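In case you want the letters, here they are:
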2 protein chains.
Amino acid sequence: MPKNAKISNAVIRRLPRYRRYLKELEKAGIDKISSNEFSKLTGFTASQIRQDLNNFGGFGQQGYGYNVSDLHREISSILGLDREYGMVVVGAGNLGSAIAGHAAYDRSGFPVKGVFDIDPARIGKKVRNNRVLPTSSLGEFVRKNKIDIGIICTTGDAAQEIVDTLCEAGVRGVWNFTMADISVPEGIALENVYLSDSLHSLVYHINQE
Amino acid sequence: MPKNAKISNAVIRRLPRYRRYLKELEKAGIDKISSNEFSKLTGFTASQIRQDLNNFGGFGQQGYGYNVSDLHREISSILGLDREYGMVVVGAGNLGSAIAGHAAYDRSGFPVKGVFDIDPARIGKKVRNNRVLPTSSLGEFVRKNKIDIGIICTTGDAAQEIVDTLCEAGVRGVWNFTMADISVPEGIALENVYLSDSLHSLVYHINQE
């Protein structure tokens, strides 16, 4: 896949959604879908979808619509979901355990290879397939096991130091669940899940309804 | 606050971010910030920020910038964060426990008033201040306690039925953490946190770096 530097983040954020619906359609045994039907399903306009997919060459056919499994495969490949990404979870509290214990990640190419915590009471406990390891061993583990993604489920004030350790040890991306405003070196991807932003946006819509 | 029907979702999604940075600035004792500094801090262009805030009347002053605490208060009020929202969490697994156990929600006007599960092994257990209640009592609880927000941390296939119960019982908003594509009646707000979309977007960026 070539680098698509000009593609906006908004487009990239819609691709996983398109893929999610395509996956459901494929599971339901549906071979093709018209752009209007796909628009209704996803809630995006047909022209928006067409425009988004045109960034990558376009996949629809006039008068036919989309071939479900082809488009599913293409979007998976654009996103890079056709290979595996080893992950570690740092912070084995409720949230970290929820993420690390999510069996679906294994099936979908995101095996959790290690879970870490600084709390001696948590170290050694089992979180699904993993025994919790001490955070002091994080850097070495990431290097040895060629980990791609580090997931931060610690407290906010511990986050930056852990991210530094992960980045030095060679992860390619950081998935941040803390409220901390962390930074990563150039060349490393960062995705923040600011849950309170999501809650605040819900509240705004509550007050508009 | 009047209804702002024309304001795009993209603007609404940026407001909580602006607010988050303003809160930090206020905590740090900073009174005012130039639009350029605020742009650097948030990562949005100064003109983007100005344009966003102009939707609500605009708050900056030429040659002065923004008054931090005024803008913080104004954005909080636009979002509706100047009052309290009672919440229930349905599903007391790791994720539900993480959300329900987050002490910060109480302080910030989002008290978790009830936690529910169908699993007898979980009912009666304590999640922070709450004993887990049976999901069968959810509707009555929501009605009696005038709950505003229902948080769905169950499995995907249980989600729609629980959302129906919540909506009939009078919640004003649903915060969905399952992968299910749920629907709510008109007049009720819905915010989906599709964590796998976030992970897939991270993976895309990993492959572009």
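See the structure above.
Residues numbered from 1 in each chain as written. Chains lettered and ligands numbered in written order. Predicted model: local features only at pLDDT ≥ 70, side-chain atom pairs only at ≥ 80, totals over all residues. Heavy atoms only, no water.

Details of the interface of chain A and chain B
Then, in step 1: Of the residues lining the interface, 57 residues belong to chain A; the matching set on chain B comes to 57 residues.
Then, in step 2: At the surface where chain A touches chain B, the tally comes to two salt bridges.
Then, in step 3: Ionic pairing is found between A:Asp197 and B:Arg20, a salt bridge with its closest N-O pair at 2.6 Å.
Then, in step 4: Summed over the shared surface of chain A and chain B, the number is 16 residue pairs in polar contact (both at pLDDT 80 or more).
Then, in step 5: Those elements that place two or more of their residues in the side of chain A that touches chain B are α1 (9–27), α4 (68–79), α5 (94–100), β8 (173–176), β9 (189–192) and α9 (195–208) of chain A.
Then, in step 6: When the residues that make up the side of chain A that touches chain B are grouped by side-chain class, the tally is 32 nonpolar, 13 polar and 12 charged. (Contact = heavy atoms within 4.5 Å. Salt bridge = Lys/Arg side-chain N within 4 Å of Asp/Glu carboxyl O. Polar contact = N/O pair within 3.5 Å; in protein donor to acceptor, adjacent residues only side chain to side chain. Helix = DSSP H or I, 4+ residues; strand = E, 2+ residues; numbered from the N terminus. Nonpolar A, V, L, I, M, F, W, Y, C, P; charged D, E, K, R; others polar.)

Let's talk about the environment of A:Ala169
Then, in step 1: With respect to the helices and strands, A:Ala169 occurs in the loop between α8 (156–168) and β8.
Then, in step 2: Residues A:Ala169 and A:Lys144, 25 residues apart in the sequence, show an inter-C-alpha distance of 9.1 Å.

Thoughts on the relation of the copies chain A and chain B
Then, in step 1: Between the two copies, chain A and chain B, the superposition gives an RMSD of 0.0 Å; the rotation angle is 180 degrees and the shift along the axis is 0.0 Å. Here the two chains are linked by the operation of a two-fold rotation axis. Considering only C-alpha atoms, the residue of chain A closest to the rotation axis is A:Asn94, which sits at 2.5 Å.
Then, in step 2: Same-surface contact between copies: 100% of interface residues of chain A are shared with the interface of chain B. (Least-squares fit on C-alpha atoms with pLDDT ≥ 70 in both.)

Examining α1(A)
Each turn of an α-helix holds 3.6 residues, which means side chains three or four residues apart point in the same direction.
Then, in step 1: Taking 1.5 Å per residue as the helical rise, α1(A) with its 19 residues ought to reach 27 Å, and the 28 Å between its terminal C-alpha atoms agrees with that figure.
Then, in step 2: Taken as a whole, α1(A) has its buried residues at A:Val11, A:Ile12, A:Arg14, A:Leu15, A:Pro16, A:Tyr18, A:Arg19, A:Arg20, A:Tyr21, A:Leu22 and A:Leu25.
Then, in step 3: Considering only its buried residues, α1(A) is in contact with β1 (32–33), α2 (35–42), α3 (46–54) and α4 of chain A together with α9 (195–208) of chain B.
Then, in step 4: Directly beyond the C-terminal end of α1(A), a positive phi value near 80 degrees is found at A:Gly29. (Expected span 1.5 Å × (residues − 1). Buried < 20%, exposed > 50% of the residue type's maximum accessible area, 1.4 Å probe, protein only.)

Let's talk about the packing of α9(A) against helix α1 (residues 9–27) of chain B
Then, in step 1: Where α9(A) meets α1(B), the axes come as close as 9 Å, and the angle between the chain directions of the two elements is 125 degrees. Taken as axis vectors, α9(A) and α1(B) run oblique relative to one another. When you trace α9(A) past α1(B), the crossing you get is right-handed. Of the residues in α1(B), those in contact with A:Asp197, A:His200, A:Ser201, A:Tyr204 and A:His205 of α9(A) are B:Asn9, B:Ile12, B:Arg13, B:Pro16, B:Arg17, B:Arg19 and B:Arg20. (Axes fitted to C-alpha atoms, helices over the stretch in contact; angles between N-to-C directions. Parallel < 35°, antiparallel > 145°, perpendicular 65-115°, else oblique. Left-handed = near helix turned anticlockwise from the far one by under 90°.)

A few points about the pairing of β8(A)
Residue and element names in this part refer to chain A.
Then, in step 1: Side chains Gly173 and Trp175 project from β8 onto one buried face, and the interleaved Val174 and Asn176 project onto a second face that is buried too.
Then, in step 2: Two strands pair when backbone bridges link them, and strand β7 (residues 149–152) and β8 are joined in this way by four bridges, in the parallel orientation. Bridge pairing in β8 links isoleucine 149 to glycine 173.
Then, in step 3: The sheet contact formed by β8 and β9 spans four bridges and is parallel. (Pairing = 2+ DSSP bridges.)

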